[in-house]
Amino acid sequence: MIVLLKILQVIVALSLLILIHELGHFTFAKLFKIRVSKFYLFFDLGGKALVKFKPKNSETEYGIGWLPLGGYCKIEGMIDESMDTESMKSEPQEWEFRSKPAWQRLLVMAGGILFNFILAIILFIAMLSIWGEGYYKNDGQAIYTSPLAQEMGFENGDKILKMDDWVPEDFGMLQADLARRSPKTVTVERGGDTLDLYMDHRYISELIQAPGVFDMALPFVVNSFTPNSLNSDCGLRQGDTIVSVAGQPVSWIQDSRKALKGMRDTLVPVSYLRAGALDSCMVQVDSTSMLGIMTNGPIAEYRKYNVLEAIPEGVKMTFDNIGGYFRDLKLVFTPSTGAYKSVGSFVALGQIFPSYWNTYLFLRIMAILSIMLGVMNLLPIPALDGGHIVFTLYEIITRRKPSVRFLTAAQIVGMILLTALMFLAFSNDIGRLIR
């Protein structure tokens, strides 16, 4: 059932995003009176479709293809993924793409990307105005380090102040920001002192691949006990700070998990501070190597927006994400970072959706994927919108129009590159599943 729900979410999300993207091309084509012969979700390879219909007095056939690898909008007089060059041999017609001014053709090709970004803005505005925004501030927050973070020079309790001259705000984005920005130095506060850690960029590959490089370091301060706790009458009270467990020093709650590993169903000594005085007691470790003690968690920053306040914030969130994904692409196309190993296909996409229905998460993932689709289509690869945009800009600047032969060859090269990228994505997914 979980797998089916994830598959359903992927199909619905991708279908909506593809339709919005192609609707952008369709809208601008119609605006400039360019004929669109087909508007399809998925590809009707071989001319075969699951569903197709053509409204009366309409020049456009609408349908759903059988190959679920995207969708397309067949614009007459244009070399696209259909590779239909026959129509290009006849005299240009006034309703064809090739007959229109370059600035109109540029807007038609950019329409899909523009609609993807607009969709992200609308979704972010809706989420902010309905649910608001919550995140954990990085300011004043200590980190608990993984082995990789320790190898990079970080220590438990460090507070990350700056990455070069940039000040991170969201604790949950520290790892992503460190990989994306690839700073030369990271300034941390350690034991009351400030020092610079020099970052070795050979760790970027591992930083991208490894989960949970930074955890939030939390003091082990007793708040309450779980309903079935074996230690509700052990002598510990709310506000006590546990400083050692089973004879091992504990600075953070994560330290206690290491101390209790392999000690299930045993009695262990605990030392704690109460009003500045040190005391101790015996506690029972349960069958899961836990104490059944609940601690004070971090306090999230939360802000509610009305619709007018959500509009500029939604725009800002969209452009922040656009900038972030451009940094991601820079890493992917830098082989030394190993970021290309993180490229995934539909399998990886399914993993980011929750195993239960959550409207907020679904809309948030939709917004992020819409931005990713827009950014990916900006790449100057001939088979993508970005390639067509580059050729049109070249024409505007040089006043020389690329030949049909050149555009056809470029489209073939682009399709080969996209096929190779898809093969890489599937290979990465298969490798992850095997591991």
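See the structure above.
Residues numbered from 1 in each chain as written. Predicted model: local features only at pLDDT ≥ 70, side-chain atom pairs only at ≥ 80, totals over all residues. Heavy atoms only, no water.

## Here we look at unusual backbone geometry
Excluding glycine, residues mostly carry a negative phi; peptide bonds, for their part, are mostly trans. Even without glycine at this site, Asp-164 takes up a positive phi of about 55 degrees. You can see Asp-164 is positioned in the loop between β7 (159–163) and α4 (174–181). Taking the relative accessible area as the measure of exposure, Asp-164 reaches 31% and is therefore partly exposed. Even without glycine at this site, Ala-246 takes up a positive phi of about 55 degrees. With respect to the element layout, Ala-246 can be found in the loop between β12 (241–245) and β13 (248–249). Exposure remark for Ala-246: the relative accessible area of 23% places this residue in the partly exposed category. (Helix = DSSP H or I, 4+ residues; strand = E, 2+ residues; numbered from the N terminus. Buried < 20%, exposed > 50% of the residue type's maximum accessible area, 1.4 Å probe, protein only.)

## Remarks on the nonpolar core
With 45 residues, the main nonpolar core has Ile-75 and Val-108 as its most contacted residues. Counting residues per element, the ones that place at least two in this core are α1 (2–31), β1 (36–43), β4 (67–75), α2 (102–130), α7 (307–332) and α9 (359–377). The element contributing the most residues to this core is α2, with 13 residues. Leu-174, Ala-179, Val-245 and Val-268 belong to the second-largest nonpolar core, a separate cluster that totals 41 residues. (Core = buried A, V, L, I, M, F, W, Y, C linked by side-chain atoms within 4.5 Å.)

## Remarks on the packing of α1 against α2
Contact geometry for α1 and α2: axes closest at 7 Å, N-to-C directions at 135 degrees. The angle between α1 and α2 falls in the class oblique. Seen along the crossing, α1 lies across α2 with a hand that is right-handed. Between α1 and α2, the contacting residues are Leu-17, Ile-20, His-21, Leu-23, Gly-24, His-25, Thr-27, Phe-28 and Ala-29 on the first element and Leu-107, Val-108, Met-109, Gly-111, Gly-112, Ile-113, Leu-114, Phe-115, Asn-116 and Leu-119 on the second. Considering only residue class, the contact of α1 with α2 consists of twelve nonpolar, seven polar and no charged. (Axes fitted to C-alpha atoms, helices over the stretch in contact; angles between N-to-C directions. Parallel < 35°, antiparallel > 145°, perpendicular 65-115°, else oblique. Left-handed = near helix turned anticlockwise from the far one by under 90°. Contact = heavy atoms within 4.5 Å. Nonpolar A, V, L, I, M, F, W, Y, C, P; charged D, E, K, R; others polar.)

## Focus: empty space enclosed by the protein
Scanning the entire structure with this criterion turns up two cavities of 30 Å³ or more. Here the largest cavity defines a volume of roughly 50 Å³. In this model, the second largest cavity occupies a volume close to 40 Å³. Lining the second largest cavity are Phe-124, Met-127, Leu-128, Gly-132, Glu-133, Met-317, Tyr-360 and Arg-364. (1 Å grid on protein atoms, 1.4 Å probe; cavity = no way out; pocket = protein on both sides within 12 Å on 5 of 7 lines; lining within 4 Å. Points joined across faces, edges and corners; volume = space filled by probe spheres on them.)

## Considering α9
A rise of 1.5 Å per residue sets the reference length of α9, with its 19 residues, at 27 Å; its end C-alpha atoms lie 27 Å apart and thus fit the reference within 8%. Turning to α9, its buried residues are Phe-362, Ile-365, Met-366, Ala-367, Leu-369, Ser-370, Ile-371, Gly-374, Val-375 and Asn-377. (Expected span 1.5 Å × (residues − 1).)

## As for the pattern of salt bridges
Under the criterion given, the structure shown has ten salt bridges. The residue Arg-35 makes a salt bridge to Glu-59 at a minimum N-O spacing of 3.6 Å. With a gap of 24 residues between them, Arg-35 in the loop between α1 and β1 and Glu-59 in the loop between β2 (49–53) and β3 (61–65) connect regions that are remote in the sequence. For Glu-59, a relative accessible area of 32% puts it in the partly exposed group. Among the ionic pairs, Arg-190 bridges to Asp-158, the shortest N-O distance being 2.8 Å. Taken as a pair, Arg-190 in strand β8 (residues 185–190) and Asp-158 in the loop between α3 (147–151) and β7 lie far apart in primary sequence, 32 residues in all. Each of Lys-30, Arg-35 and Glu-59 takes part in salt bridges that share partners, so that together they form one network. (Salt bridge = Lys/Arg side-chain N within 4 Å of Asp/Glu carboxyl O.)

## A closer look at the pairing of β12
The pairing of β12 with strand β14 (residues 267–274) spans four bridges and is antiparallel. Note that in β14 the partner of Thr-241 across the bridge is Leu-273. Of the pairings in the sheet, the one linking β12 to β13 comprises two bridges and is antiparallel in character. Bridge pairing links Val-245 to Gln-248 in β13. Linking β12 to β13, which pair antiparallel, is a turn of two residues; within it Ala-246 sits at a positive phi near 55 degrees. (Pairing = 2+ DSSP bridges.)

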